[in-house]
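Chain by chain, the residues:
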Amino acid sequence: MSDTTTGGALATRLDLPFAAGEAASGPLTWAQSVMWGPLRWFGKEANQFNIGRPLVLAAPVPQDRLLAALRTLIEEHQTLRTHYVESAGQPQQQVAATGTYEVTVVDDGGDPARVGAELTQELTGAAFDHDTEWPLRVGGVVDAAGRVTGVALVGSHLAFDGWSFGTLVDLLLDRLADDRTGTPPRESPADGTVPQPLEQAAYQASEAGRQQSERGLRHWAQGLATAPASMFDVPRAPTGDHPIERHLLDSAAVSAAAATLAARTRTSFSTVLLGLTTVILTAYNGHDTCVLKLITGNRLDRRSRDLIALNTLDALLTCTVSDVDLLTAIRQVHRPAFDAYRRAQCDPAGVHRVVTETGRRRGVSFDLSAYFNNGHRGNDWAPTGPAPGVAQLADLRRASEYTRLEPLTRSDMTFMVAASNPGDGRCRLGLLVDTAYLPAPAGETIVRGIETLLCDALTEEIRVSDVAARIGLTPARRGADWIRTDTGWIRPDDVADLVRRAAGGATTTVVTDRDPTGGAHLTAYVADPSLSPGTLHHRVLDLLPGHTGVAAPTEYVICAAAPRTGSGPAAWRDAPVAARGSGRPA
């Protein structure tokens, strides 16, 4: 036990030892592997992914009961006693048999809700050191008699997703409310065992797991075969030091309207929000096809629902958005979304391979940085009465609360819409946007626009082509020097610059021709007879990552010499040719 200062209040540190079976280790699960890279990339800024929850207890409990309840959960669930480390160049999860948790205890000052929230915020402030730190931070707030009136829990996103963290909270509250602490009041899994992440990792490495992964990888390959390379093939705007903006809208109007539209379209709450996201995003960027990563948990059976561990993976959604009414557009996204979620369980290393190989085959580098995250549980906002009328929706909208969070210096996402349940019948819409691709005012416009479209669609027909004007969204502006291809929008001058770099600075031009089907044929003319189309193409492919609005040329023409400076396409076509070809394998 030790005393320190926390948030201006005297804090006591209690040691909580545990002992559970034998130590074990193994590879990361697929979900942990997805999160491992971003958390290391963000470094100290990875604290933005921490999951925090302050709890106010219905009745005070002795500190011993809190410690006993925590000890039981720690000993039952591997995740709570796991370190995530790199060993021999590979990440591993190492489960400890024994160890000690540190519980921070502060006086509630007569206001456990306020003090608990402050303690949670403080415990959330730093990124987790997964090599040495347990993935759960625990705090307790106590009254003048030393009884626990509230609990602060903060988890690492490498260990928890929203579902498993919520399950952990429920288990803890159940145990604190049960005088038989240590005897689970909840029904145990059918086979009497607690599902563990090491078991999940072993299944994923098995033959059955590999077969499941292959089915998912086929879905990715099929979707990427015709998808645009990026949702953000638009001119890049200058930004400041904090280009990533984040917006929140807490709205009972969103929950009421979306639940009603889900029933009306016979889809789901998630599909309604996803449908509007695809419509708004394509309205902004001028695409007919939307490509999104769907963050999905797929807890489809009892064992996965009871698993206290991160279980979210990226699913790939590609869907065509046509000019129909909004309710039809929502129905049209339902099946592609179902297929995406159904095939989400696959090895992320395999996904990376498919994305890379498909991109190189198509001559692009995929930018899959647009996300949708349905973070609520299925029946959070099931309709309980008649559809809300115009006046009721107007009242609900007046009570909506919009917040702009502190901007970030960087993110591996360009765009993300997320839905969660903050309680009180509201839906919390979160939006992240990179202002290099979406101007700063667009963030608030989009998050409020989702609410507008949901409410308006209940009482009138809205066409997809009217969406931008309806919510006041200005579509991306591209100059006349941009063209549309089967890989998305590109700027031939930028392609020429890329080819010129690949050719070591040789004189280069790119000529665009339209083929009979309306597609674009890009021919790169390069004045360097020492090059071959194959060599040049591979160099171009290597330079593509990190660039949007570019693609590899359809054909390379290696010229013996360049025409005189300022010559047009005709002069290049007449230049002596040393070699020509697509550069692709035969």
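Provided above is the structure to which this section pertains.
This text gives an overview of the structure that appears in the document. (Residues numbered from 1 in each chain as written. Predicted model: local features only at pLDDT ≥ 70, side-chain atom pairs only at ≥ 80, totals over all residues. Heavy atoms only, no water.)

1. Concerning the overall build of the chain
Applied cut-off: Only DSSP runs of H or I covering at least 4 residues are called helices, and only runs of E covering at least 2 are called strands; the numbering of each starts at the N terminus. Think of it in three bands: residues with accessible area under 20% of the maximum for their type are buried, residues over 50% are exposed, and the middle band is partly exposed, with areas taken using a 1.4 Å probe on protein chains only. Two residues qualify as a contact provided that any one of their heavy atoms is within 4.5 Å of a heavy atom in the partner residue. The Shrake-Rupley method, run with a 1.4 Å probe sphere, supplies the accessible areas, and residue values consider only the shown protein chains as cover. Note that His is not counted, nor are the chain ends; the positive residues are Lys and Arg, and the negative ones are Asp and Glu. Every charge is mapped onto a representative atom, which is NZ of Lys, CZ of Arg, CG of Asp or CD of Glu.
When you go through the chain residue by residue, the secondary structure sums to 17 helices and 22 strands. If one aligns the C-alpha atoms of the chain with their principal axes, the spans along those axes are about 90 × 65 × 50 Å. Every one of the 586 residues in the chain was classed for burial, and the buried ones make up 52%. Sequence-distant contacts in the chain: of pairs separated by 6 or more residues, those separated by 24 or more amount to 75%. Surface summary for the chain: the accessible area is close to 25500 Å², and the carbon and sulfur share equals 50%. Averaging the coordinates of the 55 positive side-chain charges in the chain and doing the same for the 66 negative ones gives two points 5 Å apart.

2. What about helix H3 (residues 112-124)?
This is how the line gets drawn: A helix is expected to reach a length of 1.5 Å times the quantity of its residues less one.
In a regular helix each residue adds 1.5 Å, so 13 residues correspond to 18 Å; H3 covers 18 Å between its end C-alpha atoms and thus fits that length. All of the buried residues in H3 are Val115, Gly116, Leu119, Thr120, Leu123 and Thr124.

3. Quick notes on the pattern of salt bridges
For clarity, the cut-off: We define a salt bridge as a side-chain nitrogen of Lys or Arg found within 4 Å of a carboxyl oxygen belonging to Asp or Glu.
What the rule picks out here adds up to 34 salt bridges. For Arg404, the salt bridge is made with Glu245, and the minimal N-O distance between the two is 3.9 Å. On the criterion of sequence distance, the pair formed by Arg404 in strand S14 (residues 401-408) and Glu245 in strand S10 (residues 244-251) is long-range, its members being 159 residues apart. Relative accessible area serves as the criterion here: at 14%, Glu245 is assigned to the buried category. Salt bridges linked by common partners bring Glu245, Arg404, Glu444 and Arg448 together as one network.

4. What about the sheet that holds strand S19 (residues 508-514)?
For clarity, the cut-off: Two strands form a pair only when DSSP identifies at least two bridges running between them. Between N-to-C directions, angles span 0 to 180 degrees; the directions come from axes that are lines fitted to C-alpha atoms, helices contributing only their stretch in contact.
The four strands lie next to each other as S19-S20-S21-S22, forming an open sheet whose pairing is mixed. The sheet is open, and its two edges are formed by S19 and strand S22 (577-581), each paired on a single side. Each strand axis lies, on average, 20° off the axis of its neighbour in the sheet, ignoring direction. Sheet topology places S19 next to strand S20 (residues 520-526); seven bridges connect them, and they run antiparallel. Within S20, the position partnered with Thr509 by the bridge is Tyr525. The sheet contacts of helix H15 (residues 492-502) involve S19 and S20, and relative to S19 the element is tilted by about 140°. Relative to strand S21 (residues 555-559), helix H16 (residues 533-543) is tilted by about 125°, and along the sheet it contacts S20, S21 and S22.

5. A look at the environment of Glu460
Mapped onto the elements of the fold, Glu460 is located in the loop between helix H13 (441-457) and helix H14 (467-471). With 340 residues separating them along the chain, Glu460 and Thr120 place their C-alpha atoms 44 Å apart.

6. So, the packing of aromatic side chains
Note the cut-off: Only Phe, Tyr and Trp rings are paired, with Trp represented by its six-membered ring, and only when their centres lie within 6.5 Å; those with planes under 30 degrees apart are stacked, over 60 edge-to-face, the remainder tilted.
Enumeration according to the criterion identifies nine aromatic pairs in this entry. Considering the side-chain rings of Tyr101 and Trp134, the 5.9 Å spacing of their centres and the 10° angle between planes classify their relative orientation as stacked. Highlighted residues: Tyr101 in strand S7 (residues 98-107) and Trp134 in the loop between H3 and strand S8 (136-142), separated in sequence by 33 residues. Of the two residues, Tyr101 and Trp134, neither departs from the other in class, the shared state being buried. Measuring from ring centre to ring centre gives 6.4 Å for Phe232 and Phe415, while their planes differ by 40°; the resulting arrangement is tilted. Here Phe415 lies in strand S15 (residues 415-423) and Phe232 lies in the loop between helix H6 (207-224) and S10, a separation of 183 residues in the sequence.

7. Looking at the sheet that holds strand S12 (residues 313-320)
Taken together, seven strands build an open sheet; the order of strands is S12-S11-S13-S15-S16-S10-S14 and the sheet is mixed. Two strands bound the open sheet, and with one partner strand each, they are S12 and S14. Across this sheet, the average inter-strand angle for adjacent strands is 25°, counted without regard to direction. Alignment of S10 against S14, held across six bridges, turns out to be antiparallel.

8. Considering the pairing of S12
Of all eight residues in S12, six are buried; the element is thus mostly enclosed. Examined bridge by bridge, strand S11 (residues 289-296) and S12 share eight bridges and lie antiparallel to one another. Bridging across to S12, Thr289 finds its partner in Thr320.

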